[in-house]
Amino acid sequence: MTPDFSYSVNNSDPNDRKRFIRGMFDSIVPTYDLLNRLLSAGIDRSWRKFVIKEAGDLKDGRALDLCCGTGDLSLQLYRAGASLVSLDFSLPMLAAGKSRGWLRGDSVAADASRLPFRDGVFRVLTVAFGIRNIPDIDLFMAEAFRATRPGGRLIILELTRPSNPLVRASYNFYLRFVLPVAGGLVSGKWAAYRYLSRTIETFLDPDDLAARLKRAGFGKVVINRLTFGIATVICCEK
Ligand SMILES: C[S@@+](CC[C@H](N)C(=O)[O-])C[C@H]1O[C@@H](n2cnc3c(N)ncnc32)[C@H](O)[C@@H]1O
């Protein structure tokens, strides 16, 4: 069966999709970080810094980095003083993060839509470039809300589509030709980079995400569009 590379919401039966996504991430671990830097020309560093700034005083309470991958954002949260748990469902991603020394706090292998934590444990939850892989997005938001302590924050960093037509046209060219070809050549995993590119084109837009966050119970939802809207950071509070 040919997998469908478009993002789609499925709150009732997301498991086949998750198996496919986890296998795909397992397969691209060796070149994942190198390609992140190359394909974003290093701009992803400034987006992650924005997340750290929005997180506030990380020494106040516990932090949870969801969909942590090899721990690029986890490392910055840790360095900023967070008492940190990093979570991902890909064991090879977690293993690579540990061997690189990027995952330094506790790490947990679990599905981000079924969090193995008590209610209200975390003051800050982050998810960088992870949410567009989560088909049961409303369950994910409900779980994030449950695990956040009152007054705590959820911060989402995701790749999005620019609204300016000129920028959007160049970005679409990049998504259709540059990203899948460069990703395929370097990693040898052509289907994985076609998937990653296609989900950027088809993922929910920030206004829709913000509306879903409000439905999940979050307030003070703020959308920050970065680098012409190529990336967006959404912050919200419980
Ligand atoms: C694009 S990577 C982002 C990694 C990291 N946050 C970063 O900034 O580089 C997405 C990660 O999300 C993980 N992931 C996707 N769906 C997940 C889920 N339902 N539960 C836990 N992890 C998930 C994948 O295994 C992968 O490591």
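Anyway, here's the lowdown on the structure attached to this text. (Residues numbered from 1 in each chain as written. Predicted model: local features only at pLDDT ≥ 70, side-chain atom pairs only at ≥ 80, totals over all residues. Heavy atoms only, no water.)

## A look at the side chain of glutamate 54
So, point 1. Within the fold, glutamate 54 resides in helix 2 (residues 44–55).
So, point 2. Side-chain polar atoms of glutamate 54 contact the side chain of lysine 53, separated by 3.5 Å.
So, point 3. Contacts of glutamate 54, omitting those with residues within four sequence positions, involve Arg153, Ile155 and Cys235. (Helix = DSSP H or I, 4+ residues; strand = E, 2+ residues; numbered from the N terminus. Polar contact = N/O pair within 3.5 Å; in protein donor to acceptor, adjacent residues only side chain to side chain. Contact = heavy atoms within 4.5 Å.)

## Here's the deal with the site of the ligand
So, point 1. As a matter of local geometry, the ligand sits amid 17 residues, with Arg48, Cys67, Asp88, Ala112 and Ala128 nearest to it.
So, point 2. Between the ligand and tyrosine 32, the relevant distance is 3.1 Å, taken from an oxygen atom to a side-chain nitrogen or oxygen of the residue.
So, point 3. In this structure, alanine 112 approaches the ligand through a main-chain N or O atom, which is 2.8 Å from a nitrogen atom.
So, point 4. Considering the ligand on its own, with 600 Å² of exposed area, one finds that the protein chains cover 99% of that surface.
So, point 5. Of all the cavities here, the one that holds the ligand is the largest pocket.
So, point 6. For the shell around the ligand, the residue count by class is 10 nonpolar, 4 polar and 3 charged. (Near = heavy atom within 4 Å. Areas by Shrake-Rupley, 256 points an atom, 1.4 Å probe, with all protein chains shown as cover. 1 Å grid on protein atoms, 1.4 Å probe; cavity = no way out; pocket = protein on both sides within 12 Å on 5 of 7 lines; lining within 4 Å. Sits in = over half its atoms within 2 Å of the grid points. Nonpolar A, V, L, I, M, F, W, Y, C, P; charged D, E, K, R; others polar.)

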